[in-house]
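# Summary of the model geometry
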Amino acid sequence: FRPGDGLLPAAGPESGWAGRPLASWGSRLAAYLIDFLIVLIPVVVLAIVLIGEAGDADSVGGWIVASVLYALLLGAVFLLYAPLLMMRRGERNGQTLGKQMVGIRVVRDNGEPFGFGWGALREVLLKQLAVNVASSIIPFIPWFLNYFWPLWDDQNRALHDMAAQTHVVKA
């Protein structure tokens, strides 16, 4: 079966990335920085609260509990922020708060909307985990290539966009 043969719905011109103006590298960077700050602020506040509580406990056990709790909450924030926002329905699908503020969104090449799984694949597994693991083997180069690749790619795609089969477009 092929899209368009009447058996499966074909992606229309309103879906996917074809024909849409691509987001610039600068707008992608701005969205990334905004998202980083949005995640960073609660993480810092949480750290201050937990350190204060652990300091009041004045024991090694209190510090261990605070550290484990902080690590779990930090992991949850980083794992859930982007996928939960990108799975929103309608015009906000494919947008984090940073992308929304800048006026860009991620679209899947096949035109299907983002669900939690696709958001987690792109934002957590590829964009964060894979790049960070590769950067631990070859310091800095994978990170640099991933984030600067849109500067010379004719479709403004980062390496994680190619792997996830996505494009970033103006909203």
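Residues numbered from 1 in each chain as written. Predicted model: local features only at pLDDT ≥ 70, side-chain atom pairs only at ≥ 80, totals over all residues. Heavy atoms only, no water.

## Some remarks on the confidence of the model for the protein chain
Looking at the protein chain, the pLDDT average stands at 86 and 88% of residues meet or exceed 70. Here residues 1–13 is modelled with pLDDT under 50, and outside its nearest four sequence neighbours on either side it reaches nine contacts, counting other chains as well. (pLDDT = per-residue confidence, 0-100. Contact = heavy atoms within 4.5 Å.)

## Re a nonpolar patch on the surface
A cluster of nonpolar residues, Phe-36, Leu-37, Leu-40, Ile-41, Val-44, Val-45, Ile-48 and Val-49, forms a patch on the protein surface that exposes about 710 Å² of accessible area. Examined against the element boundaries, Leu-37 turns out to sit in helix 1 (residues 25–57). Classification of Leu-37 as partly exposed rests on a relative accessible area of 46%. (Patch = residues over 30% accessible without salt bridge, like charges linked within 9 Å, V, L, I, M, F, W, Y side chains within 5 Å. Areas by Shrake-Rupley, 256 points an atom, 1.4 Å probe, with all protein chains shown as cover. Salt bridge = Lys/Arg side-chain N within 4 Å of Asp/Glu carboxyl O. Helix = DSSP H or I, 4+ residues; strand = E, 2+ residues; numbered from the N terminus. Buried < 20%, exposed > 50% of the residue type's maximum accessible area, 1.4 Å probe, protein only.)

## Some details on the environment of Thr-166
Within the fold, Thr-166 resides in strand 2 (residues 166–170). Owing to a relative accessible area of 1%, Thr-166 belongs among the buried residues under this scheme. Separated by 44 residues in the primary sequence, Thr-166 and Arg-122 place their C-alpha atoms 8.5 Å from one another. Filtering out sequence-adjacent residues up to four positions away, Thr-166 remains in contact with Val-106, Val-107, Arg-108, Asp-109, Phe-114, Arg-122, Arg-157 and Asp-161.

## Some points on the packing of aromatic side chains
Per the counting criterion, the structure on display carries eight aromatic pairs. For the ring pair Tyr-32 and Tyr-147, a centre distance of 5.5 Å and an interplane angle of 50 degrees mean the geometry is tilted. Taken together, the residues Tyr-32 in helix 1 and Tyr-147 in helix 5 (residues 141–148) connect sequence positions 115 residues apart. Three or more aromatic residues joined by ring pairs make a cluster, and in this case those are Trp-25, Tyr-32, Phe-140, Trp-143, Phe-144, Tyr-147 and Phe-148. (Phe/Tyr/Trp six-rings, centres within 6.5 Å; stacked < 30°, edge-to-face > 60°.)

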